[in-house]
Amino acid sequence: MNPDRGNAPATSLERVIGVVLRAGVMASSACLAVGLLLALLMGDSGLAGILLHAGIIVLLATPVARVIVSIVQYASQRDWAFTALTAIVLLELMASAVAALLFNRRV
Amino acid sequence: MPVVTATLALIIFVVGVASGSLGALLGLGGGVFLVPFLNLVLGFPFSVAAAISLTTVIATSSSVSANRTGQQLINMKLGMLLEVATAAGSFLGGVTAQLIAQSVLQRLFGIVAAIVALIMLTRLKRRNVILDPSVDPGVLGGRYYEQESGAVVTYRVKRLPVAVAASFIAGNVSSLLGIGGGIIKVPVLNAWCGVPLRAAAATSAFMIGVTATAGATIYYGRGQLEPTLAATAVLGVQLGSWAGMRFGAAASAKWLKILMAGLLFILAAVMFMRGGR
């Protein structure tokens, strides 16, 4: 049998996922750090709040982006079983976003 | 919601560094230490503590996994399959956390912390690796270069339903208690499902980002996530886990684990007593 079975496509998926995760962490940490500095130095300014919320939203969006990238990769490899499984994970994440919005409206 | 001051932010940053480095040393997220500190010492409501902790879990998962890609240690297929269960558990946990009393959550946390301590003391040394490179790992198995044996090792996944069930429970506990849930998945994957410890830990660390996102989104939408304190904790934990990974190799793992288990038993007892009132 071929010892590389399953590894070559997984490696390209791993690389793409690595880029997505690193970009997400860097962008959100930068927003959070600058927002935090502004909040501590200048009090509750509008810009600080925007940066802090942006940092948190980017942080929350990073795993979602990773799941979307995986769906695209599995679909392009015609691995329909894993396309479906990762799509279910995305739906579950969407369900919690919907639940969050519903709660938000009630509070 | 706690009032944010520079002193409070500094305290949370320092605690974040400490729990991040302890977590990295022990292969856990820092949530197991962060939540009790925020809840018991600083007196934050349990949901506020859990929301902050979940955001640090996401940051840790993303940065650790970004650094590990390319080593074949993360089993992406197994991880994505189990994420179906863990995200479902976490969604349900996030919704039900709003309905459960703080005292019940504290008692639950006490029980989970005690179990974590017990597992740490009896950590299985099972390796699960097959050194013969001609063995087919199957769809869900994996293959990676292992430093200990200096060879490419193979493993096959066994008892998949057990792994799925454990992931669902881990997801549920994760969003209820604000921890990653790796402490449930890693021992189960290692002891019953044939996955070597390092691959189980890497795969779990990869999954907890998705797990914690489902829970954290609900807390965020509910307005229970204080952005300034979350930012402080995230930055502290990131710095701490970086330091923990750097210096972790030098520490004696055995004594570290005994020390941590002792600390966790104390935490468990305090949480349980608070919950009992």
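Residues numbered from 1 in each chain as written. Chains lettered and ligands numbered in written order. Predicted model: local features only at pLDDT ≥ 70, side-chain atom pairs only at ≥ 80, totals over all residues.

Draft legend 1. Structural detail: the overall build of chain B. Secondary structure summary: chain B contains ten helices and two strands in total. Reading chain B from its N end, one meets helices and strands in the order α-α-α-α-α-β-β-α-α-α-α-α. Considering only contacts in chain B between residues 6 or more positions apart, those separated by 24 or more positions represent 80%. (Helix = DSSP H or I, 4+ residues; strand = E, 2+ residues; numbered from the N terminus. Contact = placed C-beta atoms within 7 Å.)

Draft legend 2. The interface of chain B and chain A, seen in detail. At the junction of the two partners, chain B supplies 47 residues and chain A supplies 47 residues. Counting only elements with at least two residues in the side of chain B that touches chain A, the list comes to helix H1 (6–26), helix H3 (46–68), helix H4 (76–97), helix H8 (197–221) and helix H9 (227–247) of chain B. Residues that form the side of chain B that touches chain A fall into these classes: 25 nonpolar, 17 polar and five charged. (Nonpolar A, V, L, I, M, F, W, Y, C, P; charged D, E, K, R; others polar.)

Draft legend 3. How the structure looks around the environment of B:Ile208. Residues and elements named next belong to chain B. Assignment of secondary structure puts isoleucine 208 in helix H8. The exposure class of isoleucine 208 is buried, given the 33 C-beta atoms found within 10 Å. A sequence separation of 150 residues divides isoleucine 208 from isoleucine 58, and the C-alpha atoms of the two residues are 6.9 Å apart. (Buried ≥ 20, exposed ≤ 12 C-beta atoms within 10 Å, placed from the backbone.)

Draft legend 4. View of the packing of helix H2 (residues 46–76) of chain A against H9(B). H9(B) packs onto H2(A) with a crossing angle of 60 degrees between their chain directions and a minimal axis gap of 9 Å. Regarding the angle of H2(A) to H9(B), the classification is oblique. As for how H2(A) packs across H9(B), the hand of that crossing is left-handed. Listed contacts from H9(B) to A:Leu52, A:His53, A:Gly55 and A:Ile56 of H2(A) are B:Pro227, B:Thr228, B:Ala230 and B:Ala231. Taken together, the residues of the contact of H2(A) with H9(B) sort by class into five nonpolar, three polar and no charged. (Axes fitted to C-alpha atoms, helices over the stretch in contact; angles between N-to-C directions. Parallel < 35°, antiparallel > 145°, perpendicular 65-115°, else oblique. Left-handed = near helix turned anticlockwise from the far one by under 90°.)

Draft legend 5. Local environment of the environment of B:Phe247. All names here are of chain B. Relative to the elements of secondary structure, phenylalanine 247 occurs in helix H9. Overall, the presence of 12 C-beta atoms within 10 Å leaves phenylalanine 247 in the exposed class. For the pair phenylalanine 247 and lysine 158, spaced 89 residues apart in sequence, the C-alpha to C-alpha distance is 34 Å.

Draft legend 6. How the structure looks around the nonpolar core. Counting residues in each nonpolar core, the largest one holds 122 residues, and the members touching the most others are B:Ala51, B:Ile52, B:Ala113 and B:Leu177. Contacts of B:Ala51, omitting those with residues within four sequence positions, involve B:Gly178, B:Ala216, B:Tyr219, B:Tyr220, B:Gln224 and B:Leu225. (Core = buried A, V, L, I, M, F, W, Y, C linked by C-beta atoms within 7 Å.)

Draft legend 7. Structural detail: H3(B). All names here are of chain B. With 23 residues, H3 should cover 33 Å at 1.5 Å per step; its first-to-last C-alpha distance of 32 Å lies within 8% of that length. With respect to burial, H3 is a largely interior element, 21 of its 23 residues being buried. Glycine 70 lies just past H3 and shows a positive phi near 95 degrees. (Expected span 1.5 Å × (residues − 1).)

Draft legend 8. Quick peek at unusual backbone geometry. For A:Arg78, which is not glycine, the phi torsion reads 60 degrees and is therefore positive. Considering the arrangement of structural elements, one finds A:Arg78 in the loop between H2 and helix H3 (80–106). A residue is classified by how many C-beta atoms lie within 10 Å of it, and A:Arg78, with 7 of them, is exposed. Phi angles above zero are rare outside glycine, and B:Arg159 is one such case at about 45 degrees. Looking at the secondary structure, you find B:Arg159 in the loop between strand S2 (151–155) and helix H6 (160–177). A count of 14 C-beta atoms within 10 Å places B:Arg159 in the partly exposed class.

Draft legend 9. Fine view of the environment of B:Ser63. Along the chain, the position of B:Ser63 falls in helix H3. Taking the C-alpha atoms as reference points, B:Ser63 and B:Leu8, 55 residues apart in sequence, are found 26 Å from one another. Every residue in contact with B:Ser63, bar those within four places of it in the chain, is listed here: A:Val25 and B:Gln238.

Draft legend 10. Expanded view of the confidence of the model for chain B. All names here are of chain B. When the pLDDT values of chain B are averaged, the result is 83; 90% of them are 70 or greater. Across chain B, the secondary-structure element scoring lowest on mean pLDDT is helix H10 (residues 253–276), at 76, and the one scoring highest is H3, at 91. Under the prediction, the complex receives an ipTM of 0.86, its pTM being 0.87. (pLDDT = per-residue confidence, 0-100.)

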